[in-house]
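# Structural description and commentary
If you want the building blocks of each chain, they are given just below.
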Amino acid sequence: MPQDAPAPGAAPTAEQLEPVKAAVRALLHQPEYDDGSTGPVLVRLAWHSAGTYCKETNTGGSNGAGMRYEKEGGDPANAGLQHARAFLEPIKSQFPFISYADLWTLAATVAVAELGGPSVPWQGGRTDYVDDAKVPPRGRLPDGAQGADHLRFIFYRMGFDDQEIVALSGAHNLGRCHGDRSGFEGKWVNNPTRFSNQYFKLLLKFEGEWKKTTLANGLQQFVYVDEDLAGGEGEEKEEGLMMLPTDMSLISDPKFRTWVEKYAADQDLFFRDFANVFAKLLELGIKRDAQGHVVNDENVEDGYRS
Ligand code: CCH
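Moving on: the site of the ligand. Near the ligand lie 25 residues; those nearest to it are H172, G175, R176, H178 and S182. Between the ligand and the protein, one listed contact pairs a nitrogen atom with a side-chain N or O atom of W47 at 3.2 Å. In this structure, H178 approaches the ligand through a side-chain N or O atom, which is 2.6 Å from an oxygen atom. Contributions of two or more residues to the shell around the ligand are made by helix 2 (39-50), helix 6 (148-158) and strand 1 (176-177). Of the residues that constitute the shell around the ligand, the class distribution is 15 nonpolar, six polar and four charged. Two domains each put at least three residues into the shell around the ligand: domain 1 (14-141 + 278-301) and domain 2 (148-275).

Pairing of strand 3 (residues 211-214) with strand 4 (residues 220-224), which is carried by four bridges, proceeds in the antiparallel orientation. Its bridge partner lying in strand 4, K211 is registered against V223. Hairpin connection of strand 3 to strand 4: five residues between the antiparallel strands, including G218 at a positive phi of 95°.

In this structure the iron atom of the ligand is ligated by exactly one protein donor, H172 (NE2), at 2.1 Å. Looking at where H172 falls in the secondary structure, it is placed in the loop between helix 7 (162-169) and strand 1.

Between helix 6 and helix 7, whose axes approach to 10 Å, the crossing angle comes to 100°. Relative to helix 7, the element helix 6 lies roughly perpendicular. On the side of helix 6, the interface is formed by L151, R152, F155 and Y156, while helix 7 contributes D162, I165 and L168. Of the residues that constitute the contact of helix 6 with helix 7, the class distribution is five nonpolar, no polar and two charged.

About the cut-offs
Residues numbered from 1 in each chain as written. Predicted model: local features only at pLDDT ≥ 70, side-chain atom pairs only at ≥ 80, totals over all residues. Heavy atoms only, no water. Near = heavy atom within 4 Å. Polar contact = N/O pair within 3.5 Å; in protein donor to acceptor, adjacent residues only side chain to side chain. Helix = DSSP H or I, 4+ residues; strand = E, 2+ residues; numbered from the N terminus. Nonpolar A, V, L, I, M, F, W, Y, C, P; charged D, E, K, R; others polar. Domains from an automatic or database assignment. Pairing = 2+ DSSP bridges. Donors = N, O, S within 2.8 Å, 3.2 Å for Na, K, Ca; no water. Axes fitted to C-alpha atoms, helices over the stretch in contact; angles between N-to-C directions. Parallel < 35°, antiparallel > 145°, perpendicular 65-115°, else oblique. Contact = heavy atoms within 4.5 Å.

Next up, the structure:
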């Protein structure tokens, strides 16, 4: 083990993490990629690594970095996240002491902060599975084609409530849908590389104007195209905005809607709640002792780096 490596189960120190965070910051700005930042796809990587958690069986979650294995990485829900993992690979090589599970989750918190969002509390010490034996089954991540019942089914399984579901969904301020990944197309907000509460504002602002469309692949989504910005013949067309059916359920479901309204009206409240709930997401399934060291269950320990 290299000298600067933390003991197994112990989190890297703040001093060890500083250069890792700096390397992530340096990686974010990529003019050739998407809207110019790798931040959104890094946030999605962390979310999908953690969002497999099931509180009843205490399985899944960000510990283990199971997405490196085909069993989890090949889940159609994770299509496209190989790009995020590839972006981080040179950082993992440069700082081998950090586990993939820590790196993926840490990178998302760095991205959120760098793109103008809140500082998300983060604790390290996650370890990586040595094989795919403990990788959770596919099918635990949400399907954007569905509605409020589905969101509750998926997120209650992780232990979240309605307010937390809405706060987490605010991450759709960032990034976009890619036809060759999820099959959906487009971005939720005009500036998808700046973290804000714009997503909530737009859901409400264009209520009644979001038009349901069916894409060539048969998927349905909602779009808003500002006719004034759409451009005349021969002019460059301004790209419209989109919402998934699951996004729209946040305003049609009265309990979700209360929180959409609060977050649209109060960005500070959204930032505070997002920071808390994203931190909670990244910790799902991780047991720590009084010192904050990760404690792996007997039956899990042999699956981890030691
Ligand atoms: Fe999401 N998300 N997400 N999402 N998501 C997609 C992209 C991003 C759903 C579906 C999709 C969260 C919750 C949900 C991000 C963060 C979060 C895409 C497009 C779909 C589809 C993927 C593509 O084509 O590349 C559904 C359904 C839910 C249900 O709640 C949560 C929670 C988070 C984080 C806290 C981010 C960021 C993106 C943009 C990724 C990118 O590559 O730009």
